[in-house]
Amino acid sequence: MSDLSAFTIYKQDAGMTAAIDLVTPLLGSGSLLLGPNGTAGRRINMVRTTTPNSFTSGRARFLLGTTVVGSLDAFGFVFQLSQADLTGASGQAYAYYVEQAAGSSWQPKLGKITAGLATRTVLASGTAYTATTARAVEVQWLLDIPNLGGMQLTVKLGTALDYSDLVLDSALNILVSTSVLTTSVGEGPMLATSGPTTGSYRYDHFEVVPLIVG
């Protein structure tokens with residue numbers, strides 16, 4: 001995650017943070033640091049500019065970590081975007097994200113964004129884990145309406161940062177069959193906080209590849 005020039009960065013407020021963290025990287029040197037600015041900004045998303053991208057069926061792998069648990073802060077990955085900038089009150093997408101559960105823990109979720117990052121309809125919730133533990137994540141989406149009946153979403157989680165111990169979270173293996181988004185303009189990291197707090201979140205080793213279905 002060492003090259004921000006490979007992404008277009010959208011911010012609700014220009015003062016929000018999207019930077020490479022070389023001082024206190026949680027996931028190794030060069031982690032992406034995302035955060036609100038403490039006064040106004042609450043939402044940020046990034047779309048990769050390098051091709052290939054915009055996969056209607058694909059697989060993403062990335063690392064997530066944080067040292068701060070913000071109430072109802074949603075941090076993760078958006079895909080199948082209907083428009084690139086989701087920081088306002090428009091644009092649809094699907095998302096894998098983590099959100100605060102009981103105490104200092106994260107609960108992974110799959111959701112559908114209907115009008116920008118502030119609007120998330122929960123599609124499924126997985127098993128919560130300790131927030132300060134970094135997680136390796138794999139998200140797969142397969143769009144095949146004739147054969148699958150919609151879009152198959154699958155999430156695997158692990159603790160090994162080389163993805164060697166990924167395990168399927170059965171609660172996050174679902175079929176979306178209503179109002180399925182069938183086109184995409186991109187995919188990338190996202191953060192939507194509950195307010196202009198001072199929390200910070202780390203993201204690393206982002207890769208997305210297309211998948212062929214049929």
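Preceding this paragraph is the structure being described.
Treat the numbers as computed from the prediction; the structure is a model and nothing was measured.

### Points about the sheet that holds strand S2 (residues 17-21)
At step 1: The sheet built from 7 strands is open, its strands ordered S2-S3-S15-S5-S11-S12-S13 with antiparallel pairing. Each having just a single partner strand, S2 and strand S13 (167-176) make up the two edges of the open sheet. Taken over all neighbouring pairs, the strand axes of this sheet differ in orientation by 25° on average, direction set aside.
At step 2: As judged from the 7 bridges shared by strand S5 (residues 58-66) and strand S11 (residues 135-144), these two strands associate in the antiparallel manner. What sits directly across from Phe62, in S11, is Val137.

### A look at the environment of Thr66
At step 1: When you line up the elements, Thr66 lands in strand S5.
At step 2: On the accessibility criterion, Thr66 (2% relative accessible area) is buried.
At step 3: Measuring from C-alpha to C-alpha, the distance between Thr66 and Thr183 comes to 32 Å, with 117 residues separating the pair along the chain.

### A few points about the packing of aromatic side chains
At step 1: A complete count under the given rule lists 13 aromatic pairs for this structure.
At step 2: A ring pair is formed by Phe7 and Phe206, whose centres lie 5.7 Å apart and whose planes are at 50°; its orientation type is tilted. Note that Phe7 is positioned in strand S1 (residues 7-11) and Phe206 in strand S15 (residues 201-210), a separation of 199 residues in sequence. Here Phe7 and Phe206 have matching classes, each one buried.
At step 3: An aromatic cluster of at least three residues, connected via ring pairs, comprises Phe7, Phe62, Phe75, Phe77, Phe79, Tyr94, Tyr96, Trp106, Trp141, Tyr201, Tyr203 and Phe206.
At step 4: One residue, Arg120, lies across the ring of Tyr97, its end atom 5.3 Å from the ring centre.
At step 5: Above the ring of Tyr129, the side-chain terminus of Arg135 is found at 4.2 Å from the ring centroid.

About the thresholds
Each chain carries its own residue numbering, running from 1 in the written order of its sequence. Only residues with pLDDT of at least 70 get local features here, since the model is predicted, and only at 80 or more are side-chain atom pairs given and counted; chain-wide, interface and lining totals rely on the full set of residues. Side-chain numbers here rest on the full set of heavy atoms in the structure, without hydrogens or water. Strand pairing is assigned whenever DSSP identifies at least 2 bridges connecting the two strands. Helix numbers and strand numbers start at the N terminus; a helix is a DSSP run of H or I with at least 4 residues, a strand a run of E with at least 2. Lines fitted to C-alpha atoms define the axes here, with helix axes fitted over just the stretch in contact, and angles between the N-to-C directions of these axes take values from 0 to 180 degrees. Exposed residues in this analysis have more than 50% of their type's maximum accessible area, buried residues have under 20%, and partly exposed residues fall in between, with area computed by a 1.4 Å probe over protein chains only. Between the rings of Phe, Tyr and Trp (Trp by its six-membered ring), a pair exists once the centres lie within 6.5 Å; its type follows the angle of the planes, with under 30 degrees stacked, over 60 edge-to-face, and the other angles tilted. In this scheme, the term charge over a ring applies when either NZ of a lysine or CZ of an arginine sits within 6 Å of the ring centre and within 35 degrees of the ring normal.

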